[in-house]
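Architecture and fold: a report
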Amino acid sequence: MEPEDSLCSSEVWTKSSSFPNGNVQQPPQKWPDTSILDYAMDQPFQEFQEQTESKASLTCNPNQQIEILDKDSNQMNAALLASKIQDWDPRAMLNNLSFLEQKIHQLQELVHLIVGRRGQVFGRPDELVVQQQQLITADLTSIIVQLISTAGSLLPSVKHNLSAAVPPVGQLEPFDKVIFASGPGTNGGVQSQHGDGTKLPELPTQVDGSSKCGKEQNMTVEEHESKDEEDADEHENLPPGSYEILQLEKEEILAPHTHFCAICGKGFKRDANLRMHMRGHGDEYKTAAALAKPNKELGSETMLIKRYSCPFTGCKRNKDHKKFQPLKTILCVKNHYKRTHCDKSFTCSKCNSKKFSVIADLKTHEKHCGKDKWLCSCGTTFSRKDKLFGHIALFQGHTPAIPLDESKGATVSCDRGERYETTNKLGSINFSFGSIASGGSSVETIADAKGGVDDPLSYFSPLNFDSCNFGGFHEFPRPPFENTDNAFSFLIPGSGNYTQKSGAESSSNNLE
Amino acid sequence: MKRQKFIEHTNPFDLISDEIIFSILDLLTSNPIDLKSFSLTCKSFYYVEAKHRKILKPLRSEHLPSVLQRYTQLTHLDFSLSPRVTDASLVIISKACNSKLRSLDLSRSKFFSATGLLSLATNCTNLVEIDLSNATELRDAAAVALAKAKNLEKLWLGRCKLITDMGIGCIAVGCTKLRFISLKWCMSIGDLGVGLIAVKCEQIRGLDLSYMQITEKCLPSILKLKYLEDLVLEGCFGIDDDCLGVIRYGCKSLKKLDVSSCPNISPTGLSSLTRATTSLQQLTLAYGSPVTLALANSLKNLSMLQSVKLDGCVVTYDGLEAIGNCCASLSDLSLSKCVGVTDEGLISILKKHKDLKKLDITCCRKITDVSISNLTNSCTSLTSLKMESCSLVSREGFILIGRGCHLLEELDLTDNEIDNEGLRSLSRCSKLSILKLGICLNLNDEGLGHIGTCCSKLLELDLYRCAGITDSGLLAIIHGCPDLEMINIAYCRDITDKSFSSLRKCSRLKTIEARGCPLITSFGLAEAVAGCKLLRRLDLKKCCNVDDAGMIPLAHFSQNLRQINLSYSSVTDLGLLSLASLGCLQHLTVLHTNRLTPSGVAAALLANSSLTKVKLHALFQALLPERLLKHLEVRGCTFEWREKIFQAELDPKCWKMQLEDEMQIVF
């Protein structure tokens, strides 16, 4: 087969092609989840490895290299890495393509095109490595990016955007992905490649942090748009062996950014934002192709379905749970983890009582806040009466709270009844304020997310937290200080009333 | 010395302990006046009676403070006779009675609100029963107040139309000890409120959800109640088949189920309902879907069924036969106003169920002597038979009833062919207590004489439009049945003072209906009421010879009178005004009395402070000062203005023929 031949003909190619093997063996120590990812890719390689003669000798090379990288984290250059990736990715892709040959014929041609290009490109990386100059050329990056995206897509699914034979422009985002996919190898950072000393100390950490959560970026859609996905898979009944389970660490789950600029290291939540940012790094990023959204893969039948496990032990979504129910996507993992195992640090600015751990939930709530007219004595409001009654049926001692205006009109001259209502309501609001206060205090040390985007320090936060205990960690901004202040100021009149919590007592006093 | 001794023993009751007097007083229950006279005997009796009294029915709430000061041991307060109970009254009650009060009836009173209820709920901590029916102005705030009564076990909220799910939700959470709750006609309460009651109040035994806007959605949680025995779903149009299918959990404790007037429940829905309630003993399916084979088969699971009521349903032979087959031991069957009940169908049931105690075949017009003879042969233990308007049953049929069913206690033969021979046969039923012979035109005094001589336990006798009855017949009844509590001699035109005045001998009479008896005069009335001190209802409509002379003794003797109808009588302003001394007169109907003047009516209405409902001719609405009417309405009195044209009285036979003509148009 032509592509295979062309691939094997280059020494560099074969050398780098064996890298994944090295990676496969290493990650499990540090990144159990990436090992799973790599393992998934590993299988298709086996055929090719047989064909490559120099495989055995070459495999030690990357290992050594990686060891070096681990020792001094700045040495390993991204170019090498990229080439590695670039090398093994097309193989994997070709491998996959050969798998899929019967199914998708067009893909092959496009891969050939890629391979053909690579032949041209291979000369240049060598030059670049030798010269230790600037970044990879636009051609190379485009190809790399393409390969990377192919490789990235290989993780969740084999079929890839071969339409991207024209170099895609969202390059760096997929570039990141590949780096992440290769796991610990990325520790080396981009130093040698970039030759840009100022940013070097930052980048590795950044990449490191993001690599943990960015592995599945291909799949992540828009961050907050589909927040119901977690619920969507509730009733999915996959037989236990039919999918593979991935588990991310909580640091990865909670990392604020998942997309990083390969040049300056700035982090983004969305790949589109990253692409917009990339325009500032040169004209090559301004092409329509570079700005286009990387094509979504169509999903594969050959790959195992991936499901995710929550890292929280004892959680039903944790793979060790007896009645384990896997989560469908990374996004589900993120939302689930935040909702279930994190403090609710977002407080609604309208009602000052509802709190959320996922910002999208807060936004959804704020849309309806104030319109909720079904009120419980505990201060919880509901937009639907049946939800309120479900809540009351569930909790002991909670009663429906009748809105003030209704009790006003209720009786001809019963101001005591109204007072009762008022105290009742105030007392309940109080209660919720108290919990806000406690929640707010724990969040205090965390910086604002938006500030974090501009502040390079925030890039470090994942790493910094990596070393210390993550106990009270919140990636998301705590509520604005004005709000918490408000809550406290409300607390003061509230607490006055709180003592006469039962309106009955107060009104009976009135009677006597 | 002798003299001193005499002085020491002036009051022999000093030697009797209070407990003994209490137990004597316990027996003085029949006439409230008795206790009153006892307490007025002497000071010590006054105090003993005050200490003994547990139940009080105040006539008006103005005197509550002093009354409650006197009676310190009250546990039950019944305000059904006082038209106006305000928040102030409730506050007074809650402070005076506090934790002793266990039961409170406010069913006829308006004008109180959440404030009063809150004070009650917080002070009367042992309040167990409260009846708030007809409190149509109460809102959720009142329910919130009521929810503070933690020990409440029985609650009536009938017609509290403004209370919503939110209010009932508060009650459900607050009053967790509830055993019975009636939410009849609570139109603003839906599935959610009822569902929450079922979830929170686990002790519920009885649940009345009649005419509510509920659907099947609340049924699963209701049927999960562990102790539920009595469930009434009458007129719940929202409950239909689709929903009944979802019922999975059965209610093993349910004994009575009423799904009458639920037109959307078909045999399929019913079968899923009966599958969930296998221990049912009493089932009411009145005015529902036709009683076919399918419906009867849906009752197969109910092996404990004792009572079936199918009033107003369309009935088929198959259906009746299947019911007869599937129920093990039926003791009570009601086919009142059922269309399609034939001899064959009825006999198929009667043969199987010889232990039948009660049978209602009112208006089953196809029933003939065949059924009756079967009935009298097989069901000899019958205690109640209602067969109004079974016009095909001949005179002989009634003779059979008298021969076969000696244990009859209640017999309704209104509008039948029974004659004197039949009554003579029926006189063997010595336990007879209720006998209705209205519109039985073949009867005369002779037959009634048999009843009078043999049925001494008679409590109620209805002789409505029995044209053949005269003084001698009525006299025979009066002499033979001294315990009579209700007598209806309406349109027995030949009754005169001679017999009517003898009604004084029936001292337990509570109701006298003497409409259209023109020969009764004030003299007779005065004589009669002198003995009937318990009289509550008196109808003298079209007794044109009754005038003021009758009203004065009536007002003097019948201090318990609650309702009176004086339309077409000769009563004037004076008579009406004299009724003002009746302390608990509530309903007054005075139509077509041309001797009344507006000022007289106004004075009478003002003087009678206990009135709650007054029917007057529409003319008076314009003639009476508007302010007076307003004042009376605030006092708790409602007015009905009638504009009926004067109708000449027909001969009984003509009347019946006219009635039958009308009936034929209907059918």
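Residues numbered from 1 in each chain as written. Chains lettered and ligands numbered in written order. Predicted model: local features only at pLDDT ≥ 70, side-chain atom pairs only at ≥ 80, totals over all residues. Heavy atoms only, no water.

Comments concerning the UniProt feature "domain: C2H2-type" (unreviewed entry) in chain A
Mapped onto this structure's residue numbering, the UniProt feature "domain: C2H2-type" (unreviewed entry) falls at residues 259-286 of chain A. This span, residues 259-286 of chain A, is 29% helix and 14% strand, and a straight line between its end C-alpha atoms measures 18 Å. (UniProt positions renumbered as here; feature names shortened; annotations may be inferred. Helix = DSSP H or I, 4+ residues; strand = E, 2+ residues; numbered from the N terminus.)

A closer look at the sheet that holds strand S9 (residues 400-401) of chain A
Read from one edge to the other, the open sheet built from three strands follows the order S8-S7-S9 (chain A), with strand pairing classed as antiparallel. Each edge of the open sheet is held by one strand with a lone partner, namely strand S8 (381-382) and S9 of chain A. (Pairing = 2+ DSSP bridges.)

Here we look at the environment of B:Asn444
Residue and element names in this part refer to chain B. On the secondary structure map, Asn444 appears in the loop between strand S16 (434-436) and helix H20 (445-454). Among the residues examined, Asn444 registers a relative accessible area of 31% and is labelled partly exposed. Along the sequence, Asn444 and Leu423 sit 21 residues apart, while their C-alpha atoms lie 10.0 Å from each other. Beyond its immediate stretch of four places on either side in the chain, Asn444 contacts Asn420, Gly468 and Ile469. Here Asn420 takes part through its side chain, which lies 2.6 Å from a polar atom of the side chain of Asn444. (Buried < 20%, exposed > 50% of the residue type's maximum accessible area, 1.4 Å probe, protein only. Contact = heavy atoms within 4.5 Å. Polar contact = N/O pair within 3.5 Å; in protein donor to acceptor, adjacent residues only side chain to side chain.)

Let's talk about the nonpolar core
With 206 residues, the main nonpolar core has B:Leu117, B:Ile130, B:Leu157, B:Ile222, B:Leu437 and B:Ile489 as its most contacted residues. For B:Ile489, the residues in contact, after removing those within four places along its chain, are B:Leu463, B:Leu474, B:Ile495, B:Phe500, B:Glu513, B:Ala514, B:Arg515, B:Cys517 and B:Ile520. (Core = buried A, V, L, I, M, F, W, Y, C linked by side-chain atoms within 4.5 Å.)

A look at the packing of helix H19 (residues 385-394) of chain A against helix H10 (residues 191-200) of chain B
Axis separation between H19(A) and H10(B) bottoms out at 10 Å; the angle between their running directions is 5 degrees. Our classification of the angle between H19(A) and H10(B) gives roughly parallel. For the pair H19(A) and H10(B), contact is made by A:Lys385, A:Asp386, A:Phe389, A:Ile392 and A:Ala393 and by B:Leu192, B:Gly193, B:Leu196, B:Val199 and B:Lys200, respectively. In terms of residue class, the contact of H19(A) with H10(B) is built from six nonpolar, one polar and three charged. (Axes fitted to C-alpha atoms, helices over the stretch in contact; angles between N-to-C directions. Parallel < 35°, antiparallel > 145°, perpendicular 65-115°, else oblique. Nonpolar A, V, L, I, M, F, W, Y, C, P; charged D, E, K, R; others polar.)

Some remarks on the pairing of strand S23 (residues 613-617) of chain B
Residues and elements named next belong to chain B. Here strand S22 (residues 587-590) runs beside S23; their pairing, made up of four bridges, is parallel. When the sheet's bridge partners are listed, Thr589 is paired in S23 with Lys615. Of the strand pairs in this sheet, S23 and strand S24 (residues 638-642) are connected by five bridges, and their pairing is parallel. Looking across to S24, one finds that Lys615 is bridged to Glu640.

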